[in-house]
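Structure at a glance
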Amino acid sequence: MEKDNRIKILNIISGSETGGAERFFERLSISFSKNNLLEQRVLIRNYSNRKNFLQENISQIETIRFFNFFNPMLQQKLKKIFLEFKPNIVLSWMNRASSLLPVKRYNQELKIGRLGGYYKLKNYAKCDYLITNTDDLKRYVCDKGWDPNKVEVIPNFVDQNIKKKKKKKTDRPLIICLGRFHKNKGIDVLIKSMKFLENTDLNIVGRGNELPNYKKLVKNLKLGDKISFFDWTDDISKYLNQADILVCPSIHEPFGNIIIDAWAHQIPVIASDVDGPSILIQDKINGLKFESKNHEQLSLKIKELIKNESLKIKITKNGLNLFKKKYSEDIIVHKYVSFFRKILI
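Now for a quick tour of the structure. Since this is a predicted model, take the numbers as computed values, not measurements.

**Overview of the packing of helix α9 (residues 257-264) against helix α12 (residues 309-326)**
- The interhelical angle for the contact between α9 and α12, taken along N-to-C directions, is 110°, at an axis separation of 8 Å. For the element pair α9 / α12, the angle class is roughly perpendicular. Along its contact with α9, which presents Ile260, Trp263 and Ala264, the element α12 presents Gly319, Leu320, Leu322 and Phe323.
- A class-by-class count of the residues in the contact of α9 with α12 yields six nonpolar, one polar and no charged.

**What about the pairing of strand β9 (residues 201-207)?**
- Among the seven residues of β9, six are classified as buried, and the element is accordingly described as predominantly covered.
- Pairing of strand β8 (residues 174-180) with β9, which is carried by seven bridges, proceeds in the parallel orientation. Each bridged residue has a counterpart across the sheet, and for glycine 179 the counterpart in β9 is glycine 206.
- Where the polypeptide runs from β8 across helix α6 (residues 187-193) and back to β9, its parallel neighbour, the crossover connection is right-handed.
- Two elements, β9 and strand β10 (residues 227-231), share five bridges in a ladder whose sense is parallel. Residue pairing in the sheet places glycine 206 in a bridge with aspartate 231 of β10.
- In this fold, the crossover linking β9 to β10 by way of helix α7 (residues 211-220) has right-handed handedness.

**Comments concerning the nonpolar core**
- Counting residues in each nonpolar core, the largest one holds 56 residues, and the members touching the most others are Ile12, Ile112, Tyr336 and Phe340.
- In contact with phenylalanine 340, not counting residues within four places along its chain, are Ile7, Ile9, Phe32, Leu38, Ile89, Leu91 and Ile112.

**Quick word on the side chain of glutamine 40**
- Topologically, glutamine 40 is positioned in strand β2 (residues 38-45).
- The exposure class of glutamine 40 is buried, given its relative accessible area of 7%.
- From its side chain, glutamine 40 meets the backbone oxygen of serine 29 in a polar contact 2.8 Å long.

**Brief notes about helix α1 (residues 20-34)**
- Between its terminal C-alpha atoms α1 stretches 22 Å, which fits the 21 Å expected from 15 residues at 1.5 Å a residue.
- Along α1, the residues that are buried comprise Ala21, Glu22, Arg23, Phe24, Phe25, Glu26, Arg27, Leu28, Ser29, Ile30, Ser31 and Phe32.

**A short note on the sheet that holds β2**
- Pairing in this open sheet of seven strands is parallel, and the strands run β3-β2-β1-β4-β5-β6-β7 from one edge to the other. Each edge of the open sheet carries a strand with a single partner, namely β3 (61-64) and β7 (151-153). Here the strands of the sheet are splayed against their neighbours by 20° on average, with no regard to which way each runs.
- Relative to β7, strand β6 (residues 129-132) runs parallel, the two being bridged by three bridges. Its bridge partner being in β7, threonine 132 is matched across the sheet by valine 153.
- This element, helix α3 (residues 72-85), spans β1 (7-13), β2, β3 and β4 (89-93) of the sheet and lies at about 170° to β2.

**Concerning the sheet that holds strand β11 (residues 245-248)**
- Read across the sheet, six strands follow the order β10-β9-β8-β11-β12-β13 without closing on themselves; strand pairing throughout is parallel. Bordering the open sheet on either side are β10 and β13 (288-290), each of which pairs with just one other strand. Neighbouring strand axes in the sheet, compared pairwise and without regard to direction, differ in orientation by 25° on average.
- Bridging between β11 and strand β12 (residues 269-272) involves three bridges; their strand directions are parallel. Paired with valine 247 across the bridge in β12 is isoleucine 270.

**Some thoughts on unusual backbone geometry**
- Positive phi outside glycine occurs at lysine 222, with the angle close to 55°.
- By the secondary structure assignment, lysine 222 is in the loop between α7 and β10.
- By relative accessible area, lysine 222 is classed as exposed at 72%.
- Despite not being glycine, aspartate 275 has its phi angle at roughly 40°, a positive value.
- Within the secondary structure, aspartate 275 is located in helix α10 (residues 275-280).

Rules used throughout
- Residues numbered from 1 in each chain as written.
- Predicted model: local features only at pLDDT ≥ 70, side-chain atom pairs only at ≥ 80, totals over all residues.
- Heavy atoms only, no water.
- Axes fitted to C-alpha atoms, helices over the stretch in contact; angles between N-to-C directions.
- Helix = DSSP H or I, 4+ residues; strand = E, 2+ residues; numbered from the N terminus.
- Parallel < 35°, antiparallel > 145°, perpendicular 65-115°, else oblique.
- Contact = heavy atoms within 4.5 Å.
- Nonpolar A, V, L, I, M, F, W, Y, C, P; charged D, E, K, R; others polar.
- Buried < 20%, exposed > 50% of the residue type's maximum accessible area, 1.4 Å probe, protein only.
- Pairing = 2+ DSSP bridges.
- Right-handed = clockwise from strand over helix to strand, strands pointing away.
- Core = buried A, V, L, I, M, F, W, Y, C linked by side-chain atoms within 4.5 Å.
- Polar contact = N/O pair within 3.5 Å; in protein donor to acceptor, adjacent residues only side chain to side chain.
- Expected span 1.5 Å × (residues − 1).

None of this, on its own, says anything about what the molecule does.
So, in structure tokens, the structure goes:
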């Protein structure tokens, strides 16, 4: 496609400093920047880490410090970008960015809200279309009154692992858990399960307000010699590549990016039977499932996987194959571009 005919995308997120949706926004934005069918401008809240990370691949980045209704500069900045850049597509991520879109249409642009959770749909009143990352989210949206023809399902992708496996410090099985330290993530359930597991270690990687509570629980259960905490990093491969099992113990998880990450790193997965993970995981086919909040059942699943090498090999292989078939970068970016072209006709 000629440069002048490229689809112009304005990609907007407020979001948190870390999180699954925010990480996927970064991956997708970088992929858009490499696609010769698209021209992209990004507007983000002024988090220096995100800006620095994106700047390695994206030249047109706009930032704003206060991304909220009470900042009059936000609407002025949006108007300026709309008039100068003249986007064909405005892709707004989650509630805040979508609710703050201008009411006015400047250049016949189409506004698409991207949902990764069961959000209040009043925040998407200014959107012409929606993208959800699961079929269940689409059902939720359509049950609330949205036209199914204006709601597209496009899953997330994760980066393929290109780094070598790392040698562990010991021969003991090593469990990995990554994510925000939030009550919804159920990390306390995983910590409690470790009480029933001998000669097994757990690395917990993340950041958030629940960290003091997790450390207190570890101390009360006398598990300090088995459980280690690490601050969040964008290079999660350095932790995944030395782990034997990934556990996703979430109490609420609309999709489950980290499950796809584990598949891409050829690590077997055990996940709670909620929301996205219950859809992604077929028990004993591409992972194991346990009853949400049930730490004793989780410990039994971990023991089963440690002891059953053939099961471990089977679900690891099937997880990797599913990643390649449905959740790779090329496949998902193609779906986005195809959807943009379809609605612009």
